[in-house]
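# Fold and geometry: a report
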Amino acid sequence: SLARHLVSSHGVHHLLLTSRRGPTTPGISELTEELEDLGARTIQVLCCDASCRASLSALLGSVEEQHPITAVFHLAGVLDDCVITDLNRHRLASVFAPKVNAAWNLHELTKDLDLSSFILFSSIASILGSPGQGNYAAANSFLDSLAVYRRAKGLPAKSLAWGAVCEMSVGLLLLVELVTPFRSLVTTLVFWQFMRIRYMVSPEIKTAFGALHRAIV
């Protein structure tokens with residue numbers, strides 16, 4: 001849904017989609033065709049695990065110079081719910097990897113780029129908590145803190161705390177080129193980890209993307 005929104009509402013032309021399964025991701029062919037119909041000109045589908053610094057570094061190094069990265073969207077989440085007495089190192093690591101590790105790698109590897117946006121998809125669980133989700137709440141709290149840290153360093157950052165209304169499965173990375181009133185060619189890097197995103201505000205998904213649109217612009 002985010003890829004479609006960026007192409008249809010922000011004039012995206014060039015996309016690089018990645019996940020751990022890359023081209024074998026279920027539904028990727030259909031998505032590629034739909035994005036092309038919406039106006040995307042070139043779409044690449046590659047494998048990448050953003051929580052692995054070496055893998056992410058190699059991916060960023062392969063980005064074509066004519067479409068430099070100027071914005072980052074990080075969307076990642078894995079659930080491993082349990083009561084606090086059952087929360088162990090493994091359950092922390094499985095939830096932290098796509099959020100904490102991946103977000104920090106993105107920060108470290110893009111902090112010297114001329115970014116217009118660095119947007120993190122967090123959760124309301126980081127603010128209100130959520131039963132059985134101590135690991136998930138902590139991971140999202142890290143994203144909120146990373147946004148504060150980047151802004152203190154003079155770097156762009158926003159953390160959006162989504163709530164629960166609907167669920168959807170997504171992939172890992174999207175590299176897109178946007179046309180905006182401020183920059184004729186803006187390339188956006190969107191990281192998607194296989195996960196479940198829960199949207200807030202209204203059952204109407206367009207309401208959630210309206211909030212996202214305001215954050216981008």
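This text follows the structure it describes.
To keep things clear, this report deals only with the structure shown in the data block.

## As for the overall build of the chain
A count of helices and strands for the chain gives 7 helices and 9 strands. Relative to its full complement of 217 residues, the chain shows a buried share of 47%. Intrachain contacts of the chain at a sequence separation of at least 6 include 74% that bridge at least 24 residues. Counting every atom, the chain has about 10300 Å² of accessible surface; 54% of that belongs to carbon and sulfur.

## Some points on the side chain of H13
Take H13: it is sitting in the loop between helix 1 (2-10) and strand 1 (14-19). On the accessibility criterion, H13 (15% relative accessible area) is buried. Reaching out from H13, the side chain makes a polar contact with the backbone oxygen of G11 at a distance of 3.4 Å.

## A closer look at the pattern of salt bridges
In total, this model carries 3 salt bridges according to the counting rule given. What emerges from the salt-bridge pattern is a single network uniting R53, E108 and K111.

## Observations concerning helix 2 (residues 28-38)
Where helix 2 is concerned, the buried positions are I28, L31, T32 and L35. The arc that holds every buried residue of helix 2, seen down its axis, measures 100°, which confines them to one face. Relative to its buried face, helix 2 has exposed residues pointing more than 90 degrees away, namely E30, E33 and D37. One or two positions beyond helix 2, positive phi appears at G39, with a value near 130°.

## Here we look at the environment of T25
Within the fold, T25 resides in the loop between strand 1 and helix 2. Among the residues examined, T25 registers a relative accessible area of 12% and is labelled buried. Expressed as a C-alpha distance, the spacing of T25 and V45, which sit 20 residues apart in the sequence, is 9.3 Å. Looking at T25, its side chain comes within polar contact range of the main-chain oxygen of G22, at 2.7 Å.

## Side note on the packing of helix 1 against helix 2
Across the interface, helix 1 lies against helix 2 with an axial gap of 9 Å and an inter-helix angle of 15°. In terms of axis orientation, helix 1 runs roughly parallel to helix 2. Seen from above, helix 1 lies across helix 2 with right-handed handedness. Contacts between helix 1 and helix 2 involve A3, R4, V7 and S8 from the first element and L31, E34, L35 and L38 from the second.

## A short note on the environment of H107
By secondary structure assignment, the location of H107 is in helix 4 (residues 89-110). Here the alpha-carbon distance between H107 and V72, two residues 35 residues apart in the chain, equals 9.2 Å. Apart from the residues within four sequence positions on either side, H107 is in contact with F118, L146, Y149, R150 and L155.

## A word on a negative patch on the surface
On the surface, a cluster of negative charge is contributed by E30, E33, E36 and D37. By secondary structure assignment, the location of E30 is in helix 2.

Calculation criteria
Residues numbered from 1 in each chain as written. Predicted model: local features only at pLDDT ≥ 70, side-chain atom pairs only at ≥ 80, totals over all residues. Heavy atoms only, no water. Helix = DSSP H or I, 4+ residues; strand = E, 2+ residues; numbered from the N terminus. Buried < 20%, exposed > 50% of the residue type's maximum accessible area, 1.4 Å probe, protein only. Contact = heavy atoms within 4.5 Å. Areas by Shrake-Rupley, 256 points an atom, 1.4 Å probe, with all protein chains shown as cover. Polar contact = N/O pair within 3.5 Å; in protein donor to acceptor, adjacent residues only side chain to side chain. Salt bridge = Lys/Arg side-chain N within 4 Å of Asp/Glu carboxyl O. Arc of directions from axis to C-beta. Axes fitted to C-alpha atoms, helices over the stretch in contact; angles between N-to-C directions. Parallel < 35°, antiparallel > 145°, perpendicular 65-115°, else oblique. Left-handed = near helix turned anticlockwise from the far one by under 90°. Patch = residues over 30% accessible without salt bridge, like charges linked within 9 Å, V, L, I, M, F, W, Y side chains within 5 Å. Lys, Arg positive; Asp, Glu negative; His and termini not counted. Charge placed at Lys NZ, Arg CZ, Asp CG, Glu CD.

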